[in-house]
Amino acid sequence: MSKESLGASSRWARRPAGSTWGDFGPDDALGRLNLLTPEKLRQGIAEVEDGLSFALSLPLTLPGGTSLNANRLPPVVRPNRRQGLVNYNCRMDELFPGATDVLSDDLVVLHLQYSTQWDSLAHAGSMFDADGDGVPEPVYYNGFRAGTDILGPSSVEDSGLETLHGSTTSSAGPLGIDGMARTGVQGRAVMIDLHAHLGDDRVLVGFDQLESIMAADRVVVEEGDIVCLHTGWSEKVLAMDGNPDPEVLHGSGAVLDGRDPALLRWITDSGLVALAADNYAVEAFPATPAEPPCALLPLHEHCLFKLGVHLGELWRLTPLAEHLRARGRSRFLLTAPPLNLPGAAASPVTPIGTV
């Protein structure tokens, strides 16, 4: 019996070729984050030489509008209430005579993947015959099932989109972003500076070009490292100040070629634990055409579904990348825990790179 059909879990009788399903245990929900060991944290700490920290996030209000993705809306911030009053600039002497306090509380309606983010392993699954019965079913990393482990309403009417408060209607269950949050996501990261070699042009980057750039900059990725790809794309978003030009942005910046089997093999063989970029999706979307059935986002399928490699998108990497390049360095300490929000399929993140 092949390794792909070990039956290591009650959820699957066969696993995708080249996947890590079962490698970290039959019920593992962390994927490659299992390789973010104390030794990798010590290696990251050892990269701190200058005592400088770089915030690697965009403001959560960017990119702005909905022209890049009509399904993801910018955040809305509102005051909540206090005993019938608007709880913003709220004079407490109106509730407690003689009190001098003036208080403000607020709430936010937030699309978790609108700006700088981590994708959980529940963000992208695939139609795959995990049962071995010849019929593909919707499954996620390590065979967790849609409708059993990853829960959500089947109709728009039941989704709760029309109400601000009320009951939670979806849950990523064991693959929720809270699992990632509990690890702390702290360790050694490696910057690959695509922008320094390719500029602002839209370039589809496969393994050969990536390997050439890494060799030129003497960049080495080892098992347990977090890899960051600098393309300069988020600087264009910042410059547009909340009014993004989708034509300009979709025509700018390097993107990975998710259809390149050599690139996917490198992600597997390198042992990297997470992959983050300062562009919209890490990979080209839409991907280059392929014969169906196939994934629209093949790198997402490979990383999130097969390997358990979390993806970060819309990070702001330029200031840190420029600092590292000026000093002939590529490694740094990365601290990037997402929100500890049980059941969420993604999360905003404020990563910190320390050098």
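Residues numbered from 1 in each chain as written. Predicted model: local features only at pLDDT ≥ 70, side-chain atom pairs only at ≥ 80, totals over all residues. Heavy atoms only, no water.

A. Representation of the packing of helix α4 (residues 207-216) against helix α7 (residues 261-270). Viewed as axis vectors pointing N to C, α4 and α7 meet at an angle of 50 degrees, and their least axial separation amounts to 8 Å. On the basis of their axis angle, the class for α4 and α7 is oblique. Taking contact as the criterion, the partners of Phe207, Leu210 and Met214 in α4 are, on α7, Ala262, Leu263 and Trp266. Tallied by class, the residues present in the contact of α4 with α7 amount to six nonpolar, no polar and no charged. (Axes fitted to C-alpha atoms, helices over the stretch in contact; angles between N-to-C directions. Helix = DSSP H or I, 4+ residues; strand = E, 2+ residues; numbered from the N terminus. Parallel < 35°, antiparallel > 145°, perpendicular 65-115°, else oblique. Contact = heavy atoms within 4.5 Å. Nonpolar A, V, L, I, M, F, W, Y, C, P; charged D, E, K, R; others polar.)

B. Here's a closer look at the pattern of salt bridges. Taken as a whole, this structure holds 17 salt bridges when the rule is applied. Among the salt bridges present, the one from aspartate 23 reaches arginine 15, with a minimum N-O distance of 2.9 Å. Judged by relative accessible area, arginine 15 falls into the buried class, the value being 4%. Measuring nitrogen to oxygen at the nearest pair gives 3.0 Å for the salt bridge that ties aspartate 178 to arginine 182. Here the residue aspartate 178 and the residue arginine 182 both occupy positions in helix α2 (residues 177-183), the gap between them amounting to four residues, near one helical turn. Each of Lys40, Arg188, Glu222, Asp225 and Arg331 takes part in salt bridges that share partners, so that together they form one network. (Salt bridge = Lys/Arg side-chain N within 4 Å of Asp/Glu carboxyl O. Buried < 20%, exposed > 50% of the residue type's maximum accessible area, 1.4 Å probe, protein only.)

C. Region of interest: the sheet that holds strand β13 (residues 226-230). Taken in spatial order, the nine strands line up as β1-β19-β17-β11-β13-β15-β16-β8-β18 in an open sheet, and their pairing is mixed. The sheet is open, and its two edges are formed by β1 (53-55) and β18 (346-348), each paired on a single side. The sheet shows a mean angle of 25 degrees between the axes of neighbouring strands, direction not considered. In the sheet, strand β8 (residues 117-119) pairs with strand β16 (residues 310-313) via three bridges, with the strands oriented antiparallel. The residue bridging glutamine 117 from the neighbouring strand is glutamate 313, located in β16. (Pairing = 2+ DSSP bridges.)

D. Representation of the nonpolar core in the model. Judged by nonpolar contacts, the single largest core of 45 residues is most densely connected at Ile192, Leu229, Trp266, Leu275 and Leu299. Residues within four places of leucine 299 in sequence aside, it is in contact with Leu256, Gly258, Leu263, Leu264, Ile267, Leu275, Val282, Glu283 and Leu311. Judged by nonpolar contacts, the second largest core, of 27 residues, contains Leu35, Met191, Val273 and Leu334. (Core = buried A, V, L, I, M, F, W, Y, C linked by side-chain atoms within 4.5 Å.)

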